[in-house]
Amino acid sequence: MTPGPREWTIGANTFRFEPPDLLWVKLQGECSREEAVRIVNLYRELASDQPYFVLSDMQASMGMDAEAKRYMSENIRSGWFLGMILFNTRLLHRAIAKGVVLAAALTRSPDDPPRTRIQFVSTREKALELLEQWRTEAGGERG
């Protein structure tokens, strides 16, 4: 029997994992270093089973403090994710996300898979459409 969805709250941020491979993230307010540590730990724990997709609603996000950005950049691993789709984003969100993912790619070990795909779309509906497209592409590559 496959377990159902699981949920977490870290600060004002919410996370919902929907098996088999989807983590919904809703970021709210500014992320502190303490929250960044807990978020990275959650991402790592979920990836211990298998890589997964992240769909993140950024509408209420106010960014991250400098220590949170540094911690995430140094500790997130690209191999944890099948892809990241961020929606309701502003330029601030795009810059932070690209910076964290780029830093993760630069610090990856040679045996880590290639860099994580990251895409920005305008709405939740467009995020779901892109997720289905990526899943279809991945299925074709496996088959």
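Scroll up to find the structure this text is about.
Residues numbered from 1 in each chain as written. Predicted model: local features only at pLDDT ≥ 70, side-chain atom pairs only at ≥ 80, totals over all residues. Heavy atoms only, no water.

## What to know about the sheet that holds strand 3 (residues 22-31)
We apply this condition: A pair of strands is labelled paired if DSSP reports no fewer than 2 bridges between them. Put simply, DSSP marks the helices as runs of H or I at least four residues long and the strands as runs of E at least two long, and each gets a number from the N terminus on. Structural elements are reduced to axes, namely lines fitted to C-alpha atoms, with helices fitted over the stretch in contact, and the angle between N-to-C directions of any two is expressed from 0 to 180 degrees.
Strands sit in the order 1-2-3-4-5-6 across an open sheet of six strands; the sheet is mixed. Of all strands in the sheet, those bounded by a partner on one side alone are strand 1 (6-10) and strand 6 (118-121). Averaged over all pairs of adjacent strands, the angle between strand axes in this sheet comes to 20°, irrespective of strand direction. Both strand 1 and strand 2 (residues 13-18) contribute to a ladder of five bridges, which runs antiparallel.

## Things to note about the pattern of salt bridges
Where side chains of opposite charge bring their charged atoms close, a pairing between them can arise. For clarity, the cut-off: Definition used for salt bridges: Asp or Glu carboxyl oxygen within 4 Å of a side-chain nitrogen of Lys or Arg. To sort residues, take the accessible area from a 1.4 Å probe on protein chains only and compare it with the maximum for the residue type: under 20% means buried, over 50% means exposed, and anything in between is partly exposed.
Across all of its chains, the model carries six salt bridges by this definition. Measuring nitrogen to oxygen at the nearest pair gives 3.2 Å for the salt bridge that ties Glu137 to Arg117. On the criterion of sequence distance, the pair formed by Glu137 in helix 4 (residues 124-142) and Arg117 in the loop between helix 3 (91-106) and strand 6 is long-range, its members being 20 residues apart. Taking the relative accessible area as the measure of exposure, Glu137 reaches 31% and is therefore partly exposed. For Arg117, a relative accessible area of 38% puts it in the partly exposed group. What you see here is one network of salt bridges that share partners, running through Glu7, Arg16 and Glu18.

## Notes on helix 2 (residues 66-75)
The line we're drawing: For the purposes of these results, a polar contact is taken to be a pair of N or O atoms within 3.5 Å, where, inside protein, one atom must be able to donate a hydrogen and its partner to accept one; residues adjacent in sequence count only when each atom of the pair is a side-chain atom.
Residues of helix 2 that are buried include every one of Ala68, Tyr71, Met72, Ser73 and Asn75, and no others. For helix 2, the N-terminal capping position is held by Asp65, with its side-chain oxygen 3.1 Å away from the main-chain nitrogen of Glu67.

## Brief notes about the packing of aromatic side chains
What counts here: We call Phe, Tyr and Trp rings a pair once their centres come within 6.5 Å, taking the six-membered ring for Trp, and we label the pair stacked below 30 degrees between planes, edge-to-face above 60, and tilted otherwise. A ring is scored as having a charge over it whenever the NZ atom of a lysine or the CZ atom of an arginine sits within 6 Å of its centre and within 35 degrees of its normal.
The full count for this structure, using the stated rule, is seven aromatic pairs. Look at Phe15 and Tyr43: their rings are 6.3 Å apart centre to centre, the planes differ by 75°, and that puts the pair in the edge-to-face class. Of this pair, Phe15 sits in strand 2 while Tyr43 is found in helix 1 (residues 33-47), placing the two residues 28 residues apart along the sequence. When sorted by exposure, Phe15 lands in the same class as Tyr43, which is buried. Between Trp24 and Phe87, the ring centres sit 6.4 Å apart and the planes meet at 85°, which makes this aromatic pair edge-to-face. Residue Trp24 is located in strand 3, and its partner Phe87 is located in strand 5 (residues 81-87); the two are separated by 63 residues in the primary sequence. Across the pair, exposure class does not vary: Trp24 and Phe87 are buried alike. Site record: aromatic cluster; members linked through ring pairs are Phe15, Phe17, Tyr43, Tyr52, Trp80 and Phe81. In this arrangement the basic side chain of Arg124 is found over the ring face of Trp24, its NZ or CZ atom lying 4.3 Å from the centre.

## Brief notes about the pairing of strand 4 (residues 52-64)
Which entries qualify depends on this criterion: By convention a crossover is right-handed if, when the strands point away from the viewer, the path from the first strand over the helix to the second runs clockwise.
Most of strand 4 sits inside the fold, with 10 of its 13 residues counted as buried. Sheet topology note: the strand 3/strand 4 ladder contains nine bridges and is parallel. The residue of strand 4 that forms the bridge with Glu30 is Gly63. In this fold, strand 3 hands off to helix 1, which returns the chain to strand 4; that crossover is right-handed. With six bridges joining them, strand 4 and strand 5 adopt parallel strand pairing.

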